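# Breakdown of the fold
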Amino acid sequence: MFQKNLIINPWIIVIMISILLGFVFTVYILQIRKGNRKSNKLLALFLFAITLLLFSNFVVLSNLFKVYPHLLGISFLLWYILPPTFYLYVKTGIYSNHKLKWLHILHYAPFIYMLIKLLPFYLLNAGVKLKWFENFMDAPRSLTGSAFFVIIYSFAYLLACIWLFIKFKKNYKSKFANTHFEHFDGIKRLLLIYLIYKVLD
């Protein structure tokens, strides 16, 4: 049954390798004890969420959801985790003395709201989930809120990240040699990659 439903092609193999690498790098980053540990943990969370997105794509493209319907919907909430996590990663990365407080949980208010809203879907039995997915492929968009909100939400945080860089360069341009800024270029490159990804997504 499993082999009959599962689809394997070169593209899916690439996704599988990417998933494996994503998990490996997530664990590796969490094991780093030196440097900015707050920033590293946020980067690990961000990378883990990206890896889960890849796994969600694998579930659908490989038809794995037909065998394990409860794997459907993994990605629904991830779009509400990625933007604030990346923003906090950037902020703690370029301002190493920035402290994370309980108040920062407010950044994840949309995630908490969507989790409560989608909880009935996650509690559905496997047969109902499978029927739902096979009948209308557009259902994820309607379940997770309007695509327009998700786009605005993501780009608002990206703009906030860009503003952090502009403000940082303006206020500390003469102090780039300070050890606080050792990861600045790496964060900047990751921001550029993430920006390109969101534009093309």
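For the structure, see preceding data.
These numbers were taken from a predicted model, which means no experiment stands behind them.

### Structural notes on the nonpolar core
- Counting 48 residues, the largest nonpolar core has Phe86, Tyr89, Val90 and Ile94 as the members making the most contacts within it.
- Elements that contribute at least two residues to this core include exactly helix 2 (10-31), helix 3 (37-61), helix 4 (82-94), helix 5 (109-122), helix 6 (126-135), helix 8 (147-172) and helix 9 (184-200).
- The leading source of residues in this core is helix 3, at nine residues.
- The contacts of tyrosine 89, once residues within four sequence positions are left out, are Ser39, Leu42, Leu43, Ile187 and Leu190.

### As for helix 2
- With 22 residues, helix 2 should cover 32 Å at 1.5 Å per step; its first-to-last C-alpha distance of 32 Å lies within 8% of that length.
- When we look at burial in helix 2, the residues that qualify are Ile12, Ile15, Ile19, Gly22, Thr26 and Ile29. The arc that holds every buried residue of helix 2, seen down its axis, measures 110 degrees, which confines them to one face. Residues of helix 2 that are exposed and point over 90 degrees away from its buried face: Pro10, Leu20 and Tyr28.
- Two or three places before tryptophan 11, at the start of helix 2, stands the capping residue asparagine 9, its side-chain oxygen 3.1 Å from that residue's backbone nitrogen.

### Some thoughts on the environment of glycine 22
- Its location among the elements puts glycine 22 in helix 2.
- Classification of glycine 22 by relative accessible area gives buried; the value is 7%.
- Between the C-alpha atoms of glycine 22 and leucine 52, which are 30 residues apart in sequence, the distance is 8.8 Å.

Parameters and conventions
Residues numbered from 1 in each chain as written. Predicted model: local features only at pLDDT ≥ 70, side-chain atom pairs only at ≥ 80, totals over all residues. Heavy atoms only, no water. Core = buried A, V, L, I, M, F, W, Y, C linked by side-chain atoms within 4.5 Å. Buried < 20%, exposed > 50% of the residue type's maximum accessible area, 1.4 Å probe, protein only. Helix = DSSP H or I, 4+ residues; strand = E, 2+ residues; numbered from the N terminus. Contact = heavy atoms within 4.5 Å. Expected span 1.5 Å × (residues − 1). Arc of directions from axis to C-beta. Polar contact = N/O pair within 3.5 Å; in protein donor to acceptor, adjacent residues only side chain to side chain.

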